[in-house]
Amino acid sequence: MGIKPRFNPADVAKKFDALLDFIQDETVRALQYVGEQAVTYARSIPDPDHGGLGFKDHTANLRSSIGYAVYYNGEQITGSYEGTPEGTQQGQNLANKAAEGTRGFALVVTAGMYYAVYVESKGRDVLSSAEQKAAQWLQTELDDIKQAVIEYWKQI
């Protein structure tokens, strides 16, 4: 009298494939959320005329170049750049360049105009504080994914 399984290897593979799909979907969702939050935060930093450490955006190109993209193995899955054509194009180009050759998932948040670093070096906050916040948001999202995976596994 032996133990007889009521499943076969294909059943096990199917469960693990479902789990992997769930993890990937949750990862994209989390990275998209963090990207959106970081962009919203960066774009909302008040300029000096309004008591903030932000910057005066004379052409709207710098603010338009602030955006994000989520990649998987170097291929863009989702992202958001809004505003002037020049700013959005520069932001997207920088994100694509940063993601070249990446493996796995990547979130790229950019201020794509060539002078963004110069503006930051003058004490203005273009993206720095948003980057710090994004690290905190990402940790929270990863903790949420971990808990969601545990709950999902219990259900399948």
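You'll find the structure just up there.
Criteria and cut-off values
- Residues numbered from 1 in each chain as written.
- Predicted model: local features only at pLDDT ≥ 70, side-chain atom pairs only at ≥ 80, totals over all residues.
- Heavy atoms only, no water.
- Helix = DSSP H or I, 4+ residues; strand = E, 2+ residues; numbered from the N terminus.
- Rg over C-alpha atoms; globule rule 2.2 N^0.38 Å.
- Buried < 20%, exposed > 50% of the residue type's maximum accessible area, 1.4 Å probe, protein only.
- Contact = heavy atoms within 4.5 Å.
- Areas by Shrake-Rupley, 256 points an atom, 1.4 Å probe, with all protein chains shown as cover.
- Lys, Arg positive; Asp, Glu negative; His and termini not counted.
- Charge placed at Lys NZ, Arg CZ, Asp CG, Glu CD.
- Axes fitted to C-alpha atoms, helices over the stretch in contact; angles between N-to-C directions.
- Parallel < 35°, antiparallel > 145°, perpendicular 65-115°, else oblique.
- Left-handed = near helix turned anticlockwise from the far one by under 90°.

Would you explain the overall build of the chain in this entry?
Counting secondary structure elements, the chain contains five helices and three strands. Going from the N terminus to the C terminus, the chain shows its helices and strands as α-α-β-β-α-β-α-α. Compactness check: the chain gives a C-alpha radius of gyration of 21 Å against a globular reference of 15 Å for 156 residues, more than 25% above the reference. Considering only C-alpha atoms, the chain reaches an extent of 80 × 30 × 20 Å along its principal axes. Counting over 156 residues, the chain shows a buried share of 34%. Contacts spanning at least 24 positions in sequence make up 64% of the contacts within the chain whose residues lie at least 6 apart. Counting every atom, the chain has about 9,900 Å² of accessible surface; 54% of that belongs to carbon and sulfur. Between the averaged position of the 15 positive side-chain charges in the chain and that of its 20 negative side-chain charges there is a distance of 6 Å.

Looking at this structure, how should I read the side chain of Glu141?
Relative to the helices and strands, Glu141 resides in helix 5 (residues 128-155). Judged by relative accessible area, which is 8%, Glu141 ranks as buried.

Explain unusual backbone geometry to me, please; I cannot follow it from the model alone.
For residues besides glycine, phi is generally negative; the peptide bonds are generally trans as well. In the Ramachandran plot, Ala60 falls in the positive-phi region, its phi being about 75° despite a non-glycine side chain. Mapped onto the secondary structure, Ala60 falls in the loop between helix 1 (9-43) and helix 2 (61-64). Despite not being glycine, Asn73 has its phi angle at roughly 50°, a positive value. Summarising the element assignment, Asn73 is placed in the loop between strand 1 (66-72) and strand 2 (75-80). The class of Asn73 is partly exposed, set by a relative accessible area of 29%.

What exactly am I supposed to notice about the packing of helix 1 against helix 5 here?
Helix-helix packing: each pair is described by the crossing angle between the helix axes and the interaxial distance. Helix 5 packs onto helix 1 with a crossing angle of 155° between their chain directions and a minimal axis gap of 9 Å. The angle between helix 1 and helix 5 falls in the class roughly antiparallel. In terms of crossing hand, the pair formed by helix 1 and helix 5 is right-handed.

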